[in-house]
Amino acid sequence: ENTKIRVKPDHSGVVTDGVKHSMNPFCEIAVEEAVKLKEKKLIKEVVAVSCGPTQVTETIRTALAMGCDRGIHVEVSGKDYEAMGPLQISKIFAALAKKEEASLIILGKQAIDDDCNQTGQMTAALLDWPQGTFASEVTIDGEKVKVVREIDGGLETIKISMPAVLTADLRLNTPRYATLPNIMKAKKKKIANMKPADLGVDMVSRVEVLRVDEPPTRLAGVKVETVDDLVAKLRANGTI
Amino acid sequence: MSGGWERVIPAFRSVCGEDGVSLGEAVREQHGRDESVHRCRPPDVVVWPRSVEEVSALAKICHHHHLPIIPFGTGTGLEGGVGALKGGVCFSLRNMDRVLDLHQEDFDVSVEPGVTRKGLNSYLRDTGLWFPVDPGADASLCGMAATSASGTNAVRYGTMRENVLNLEVVLADGSIIHTAGRGRRPRKTSAGYNLTNLFVGSEGTLGVITKTTLRLYGVPEAMVSAVCTFPSVQAAVDSTVQVLQTGVPIARIEFLDDVMIDACNRFNLLSYPVAPTLFLEFHGTEKSLEEQVTVTEEITQANGGSDFSWARDAETRGRLWKARHDAWYAALALRPGCKAYSTDVCVPLSRLPQIIVETKEDLMLNRLTGPIAGHVGDGNFHCIMVMDPNDQDEVIRVHEFTERLARRALALDGTCTGEHGVGLGKRALLREEMGPLAIEVMQGLKTTLDPKNLMNPGKVL
């Protein structure tokens, strides 16, 4: 289904009311990897975390249906939610990682709405943990993690110590579909609720969105008869 | 384009907007062909309605001016169904692309024609539900209803006929009807004539489908796939029949002949033994899978089948099935530069060994390239005829072969088209299959619903 993206009349952002939201595809891959690691008995517990308004609990339930053990909903709404970006989220994740004594944080490499590709890296920096980003293969080996990363030149293999942050790239795995019996079981799993302030995180953003515009409408092309015509037109409109 | 269009085109624009009408040559050509070998027959104009009200308004204009109406979904049909033989107006429905009214607890959903099967399943992925009818292409669901599509897992989940609960249809005169009553979606009904299944498979000749209500299923908890090789076609098909008779709810059971396997090996650099092969898939809980697989393996081994090659997780299953999914391209790769045409006969299960053996003999005798892939669980198989379109002799030999094959199927109590539809090329065969009296009834229905013969003229009947 193609949802048409529309800019709000006041150009402050994109219309999100009434638009169906679902788990970011790279985060689905991250959840799948975590659940696989648990199925291989390499990790003990998987906690699914999401930051946002009440609706994000539906996404957490999907993660629980995929096999996560429990969820944490960090409630952010209104102006704070509109201004929320990778920096605020990574502060929240860093605080939670310490609180939960996590050994691994796995996230999608980027969200497909803002394409920032920053949260994983910032979280690692705030925690001073090693990071294995753009992971297409993850192997746990004792207290270390071997990560094969997708880079422009090909594949890079690194070994990092835990605790660590990993971000999932497309080829890491194929996420499972949530099945009905698992969706029913997920309803009984716990989702804890808290606010950023409970974690000592302030949500103030240093970024102000000035304006959001749609890309300009593509104009019809013009056919010309000869190469000379083409050159003349390109000169006339200043292209050459 | 002749006169008269000067009045009609502005009328179209006032219904679907300036951008909703195109006379461009490239656009018309794109809407005059599908994925069959039939040549492009472009319409005179393409329109993009955005709602059922616009479809109705456009149909009224066409009805008034005696203009043919050709509905267009994704253009992925295989029988030339979208060719505008008498010109006319192509109603491209891709801008009506909403998923409406999902009822999770009732296992039903309604979709507009622009929603494709992969699009719907992507939309549904958090719900634990899916729509399993899979004809291969990422086709429009309303288009699949129009052609009564089927696919690789019909053996377990049925075809479109079993899975369409209701249709919203715009008739040639612009009337909007709901074949099971507006908004109704009971799982079963015995109310009145079955109008829903009259329109399913009507290939755009009775009306424009603007909404379909579909039956959904729970996503299987687990899936397992396997490949098994056999010493003969008979052994493979006997195994299929016995698996079904034992009541194993097998999800997919696909047959590939030795020529097809060889093509797949070459194309995907695999090394399956070159022999009649079955690709199997089982859906269910972990426990039920164990049972299904054990029973099936006993049967295949009793028929001389090899040990199973297995796949459990999504990635390995994907690789295993890739061989089957790429069959079309693997066949084409046997003779680069050629085109391919797929036959589509379907016979009762018990007749399958006979028809496949006779068909392979026919292929060899007539020096034709026709690797076979089929949904044997339904008695349906496809010969992918690879031919050089410039070799007139070969084109004729292929055409005559497909006619012989269709008649062979009819002689064995089968049908000339299991899932692709009649379209342009099988109208004469349809008459042979149905007999003159049934055809008269069909013609009567067509005349009642479309007296001016505006709806996709020249197809089906």
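It should be emphasised that the depicted structure is a prediction, and the values quoted were computed from it without experimental measurement.

### A closer look at the pattern of salt bridges
- A complete count under the given rule lists 37 salt bridges over all chains for this structure.
- Between Asp108 of chain B and Arg185 of chain B there is a salt bridge, and its shortest N-O distance comes to 2.8 Å. On the criterion of sequence distance, the pair formed by Asp108 of chain B in strand β6 (residues 108–111) and Arg185 of chain B in the loop between β9 (176–178) and α8 (195–199) is long-range, its members being 77 residues apart.
- Between Asp257 of chain B and Lys360 of chain B there is a salt bridge whose closest N-O contact spans 2.8 Å. Note that Asp257 of chain B is positioned in the loop between β13 (252–256) and α10 (258–268) and Lys360 of chain B in helix α14 (residues 352–365), a separation of 103 residues in sequence.
- Overall, the relative accessible area of 16% leaves Lys360 of chain B in the buried class.
- Put simply, Glu32, Lys36, Glu39 and Arg176 of chain A are held in one network by salt bridges that share partners.

### As for helix α2 (residues 56–66) of chain A
Residues and elements named next belong to chain A.
- Taken as a whole, α2 has its buried residues at Val56, Ile60, Thr62, Ala63, Leu64, Ala65 and Met66.
- Elements in contact with the buried residues of α2: α1 (25–39), β1 (47–52), β2 (70–75), α6 (180–186) and β8 (191–194).
- Immediately downstream of α2, the backbone of Gly67 shows phi near 130 degrees, a positive value.

### Quick word on the environment of Lys36 of chain A
- In this structure, Lys36 of chain A sits in helix α1.
- Remark: the alpha-carbon pair of Lys36 of chain A and Asn173 of chain A, spanning 137 residues in sequence, is separated by 9.6 Å.
- In this structure, Lys36 of chain A is in contact with Asn173 and Arg176 of chain A together with Glu315 of chain B, ignoring residues within four places of it in sequence.

### Concerning the sheet that holds strand β18 (residues 380–387) of chain B
Residues and elements named next belong to chain B.
- As summarised here, the arrangement of the seven strands in space is β15-β12-β14-β13-β17-β18-β16, forming an open sheet in which the pairing is antiparallel. Among the strands making up the open sheet, the edge pair consists of β15 (309–311) and β16 (339–342). This sheet shows a mean twist of 20 degrees between the axes of neighbouring strands, independent of strand direction.
- Pairing of strand β17 (residues 372–375) with β18, which is carried by four bridges, proceeds in the antiparallel orientation.

### Some words on the domain arrangement of chain B
All names here are of chain B.
- Each assigned domain of chain B is listed here: domain 1 (5–92), domain 2 (99–218), domain 3 (222–329) and domain 4 (333–429).
- Domain 2 and domain 3 are separated by 29 Å when their C-alpha centres are compared.
- If you look at the interface, domain 2 gives seven residues, while domain 3 gives nine residues.
- Interface area for domain 2 against domain 3, summed over the two sides, is near 730 Å², with a carbon-plus-sulfur share of 51%.
- Across the salt bridge formed by Asp134 and Arg252, the nearest N and O atoms sit 3.2 Å from each other.

### What to know about the pairing of strand β4 (residues 131–141) of chain A
All names here are of chain A.
- Across three bridges, the pairing between β4 and strand β7 (residues 164–168) is parallel. For Ala135, the partnering residue across the bridge sits in β7 and is Ala168.
- Note that β4 and strand β5 (residues 144–151) share six bridges and pair antiparallel. Considered in β5, the bridge of Ile140 is made with Val145.
- Hairpin connection of β4 to β5: two residues between the antiparallel strands, including Gly142 at a positive phi of 65 degrees.

### Overview of the packing of helix α16 (residues 427–434) of chain B against helix α17 (residues 436–449) of chain B
Residues and elements named next belong to chain B.
- At a minimum axis distance of 6 Å, the contact between α16 and α17 shows a crossing angle of 120 degrees. Classed by the angle they form, the pair α16 and α17 counts as oblique. Contacts between α16 and α17 involve Leu430, Arg431 and Met434 from the first element and Pro436, Ala438, Ile439 and Met442 from the second.
- Residues of the contact of α16 with α17, tallied by class, amount to six nonpolar, no polar and one charged.

### Some words on the packing of aromatic side chains
Residues and elements named next belong to chain B.
- One pass over the full model with this rule turns up five aromatic pairs over all chains.
- Plain terms: the ring middles of Phe308 and Trp310 are 5.3 Å apart, the flat faces sit at 65 degrees to each other, and that makes the pair edge-to-face.
- By relative accessible area, Trp310 is classed as partly exposed at 39%.
- Among the aromatic side chains, those forming a connected cluster through ring pairs are Trp130, Tyr157 and Tyr217.
- Across from the ring centre of Trp321, 5.4 Å away, lies the NZ or CZ of Arg252, which sits over that ring.

### What about the sheet that holds strand β6 (residues 154–161) of chain A?
Residue and element names in this part refer to chain A.
- In spatial order, the strands read β3-β7-β4-β5-β6; together these five strands make up an open sheet with mixed pairing. With one partner strand each, in any of the chains shown, β3 (104–108) and β6 form the two edges of the open sheet. Between one strand axis and the next, the sheet turns by 35 degrees as a mean value, whatever way the strands run.
- Contacts between α1 and the sheet are confined to β3, β4 and β7, with β3 contributing the most and set at about 145 degrees to the helix.

### Side note on helix α4 (residues 86–100) of chain A
Residue and element names in this part refer to chain A.
- The first and last C-alpha atoms of α4 sit 20 Å apart over 15 residues, in line with the 21 Å expected at 1.5 Å per residue.
- Among all positions in α4, only Pro86, Gln88, Ile89, Ser90, Ile92, Phe93, Ala94, Ala95, Leu96 and Ala97 are buried.
- Buried positions along α4 lie against β1, β2, α3 (78–83), β3, α5 (119–127) and β8.
- The positive-phi residue at the C-terminal boundary of α4 is Glu101, with phi of around 55 degrees.

Calculation criteria
Residues numbered from 1 in each chain as written. Chains lettered and ligands numbered in written order. Predicted model: local features only at pLDDT ≥ 70, side-chain atom pairs only at ≥ 80, totals over all residues. Heavy atoms only, no water. Salt bridge = Lys/Arg side-chain N within 4 Å of Asp/Glu carboxyl O. Helix = DSSP H or I, 4+ residues; strand = E, 2+ residues; numbered from the N terminus. Buried < 20%, exposed > 50% of the residue type's maximum accessible area, 1.4 Å probe, protein only. Contact = heavy atoms within 4.5 Å. Pairing = 2+ DSSP bridges. Axes fitted to C-alpha atoms, helices over the stretch in contact; angles between N-to-C directions. Domains from an automatic or database assignment. Buried area = accessible area lost by both parts, 1.4 Å probe. Parallel < 35°, antiparallel > 145°, perpendicular 65-115°, else oblique. Nonpolar A, V, L, I, M, F, W, Y, C, P; charged D, E, K, R; others polar. Phe/Tyr/Trp six-rings, centres within 6.5 Å; stacked < 30°, edge-to-face > 60°. Lys NZ or Arg CZ within 6 Å of the ring centre and 35° of its normal. Expected span 1.5 Å × (residues − 1).

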